[in-house]
Structure formats: C-alpha cells, structure tokens
Amino acid sequence: MKTHVLPDCLRRLLIRCVAHRYYSLVVTAIAFWSTMTFTFPFVAVLIPAVLLSPRRWRSLGVLCGIASGCGAAALVEIFQYLGSEFVFSRYPELLQTQAWQTASAWLQHWGLLALLIIAGSPIPQTPALLFCAFANVSTPGILVAVAIGKTVKYLFLAWATAHYPGRFIRYN
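Conventions adopted
Residues numbered from 1 in each chain as written. Predicted model: local features only at pLDDT ≥ 70, side-chain atom pairs only at ≥ 80, totals over all residues. Heavy atoms only, no water. pLDDT = per-residue confidence, 0-100. Helix = DSSP H or I, 4+ residues; strand = E, 2+ residues; numbered from the N terminus. Buried < 20%, exposed > 50% of the residue type's maximum accessible area, 1.4 Å probe, protein only. Contact = heavy atoms within 4.5 Å. Core = buried A, V, L, I, M, F, W, Y, C linked by side-chain atoms within 4.5 Å.

### Here's the deal with the confidence of the model for the protein chain
- Chain-level statistics for the protein chain give a pLDDT mean of 88 and a share of 95% at 70 or above.
- Mean pLDDT in the protein chain bottoms out at helix α5 (residues 84-90), which sits at 81, and peaks at helix α9 (residues 139-163), which reaches 96.

Put into structure tokens, the structure is as follows:
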C-alpha cells in the first residue's frame, strides 16, 4: 500500500503548534492550502494532526472540511479566471484521463450531488472541480457540496484515528 509521507516542515509545524490553542486553525489553514493548490492529499496531514491531539478530532474534522470547501471554491475561481484554453494547452492529456471521464459523467448526470460524493470519497476531486469551473457551475454550490463531503470524510477519519490510533500509527 502506498502511503503519503508528511513533509518535514509540516511535521515540525504541527509538533510546534500542538500545545497552543490555535492548533486547529493551523491545521485548517493547511487544509485550505492543500485543497486550493492540490499539492498533496490533506489526509496525510489530518491523521498525524489527530494523533498529536486526539481530543480535538471534532474541531479538526469540521474546520478542515469547511476549509477544504473554501479551497475548492477558490480553485474553481482560479480555473475560471485562467480559462479552459490555458489549462488544456498546458495539460492536453487531461481530457483523456479516467478521473476526468468519471467526474464529467457523474457531474453531467447528478450535478452537485456527484461533487459531494466525489469530495467525500477517495476519488480525485480536482478533475471534478475543473469540469465544474468550465461548466460554469455555481461557486457557492461547489463550496457547500465540497464542504459537506469533506466534513463527513474528515470527521470519520478523525474519529477513527482518535479512537483506534493503532491502525493509523504506521500510516505516516
């Protein structure tokens, strides 16, 4: 099984901030940034964050889900600003990927409900967000759908990590 390793700078940041009351906000900012830039899967941060502070699993799950929704809405706005020509000229293979095909089919058939399901599942959400941006789907709707899907996902993962830490210790 391939696991994602937490970068050292983020590991040090979490360890340095865990004793402070603003710890949840630091993790929330990381959730926003990782969703907006799609540089790494945020779960690689959430699990160690909960392991460091298991009592905060609820606040981490809720705040990070909302932050991911905001990050997704910001990313959609960036995609809309850049335009489809800009994106597809740099990534011409994007239209041929399986993730793009799945996301576009689901979104055409189910709309924002599909985005909510994609956000709450392990399916990559960036192709779905890109499709939504170019289909001019409502940004507030995207924010709400992703926030609900990610909140449910992150609450479940945070709860499982806090209550069964032995299963997640080797994750990172």
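That shown, we press on.
### Quick notes on the side chain of Thr 35
- Looking at the element boundaries, Thr 35 is found in helix α2 (residues 23-37).
- Of the residues examined, Thr 35 reaches a relative accessible area of 8% and is grouped as buried.
- Aside from chain neighbours lying at most four places away, what touches Thr 35 is Ser 68, Gly 71, Ala 72, Leu 75 and Gln 125.

### Here we look at the nonpolar core
- Among the nonpolar cores identified, the biggest contains 26 residues, and Leu 14, Val 27 and Phe 42 are the most heavily contacted of them.
- Looking at this core, the elements that each hand over two or more residues are α1 (8-17), α2, α3 (43-52), α4 (57-82) and α9.
- The greatest single-element share of this core, amounting to six residues, is contributed by α3.
- With near-sequence residues (within four places) excluded, Leu 14 lies in contact with Leu 6, Tyr 23, Val 27, Ile 30, Val 45, Ala 49 and Leu 52.

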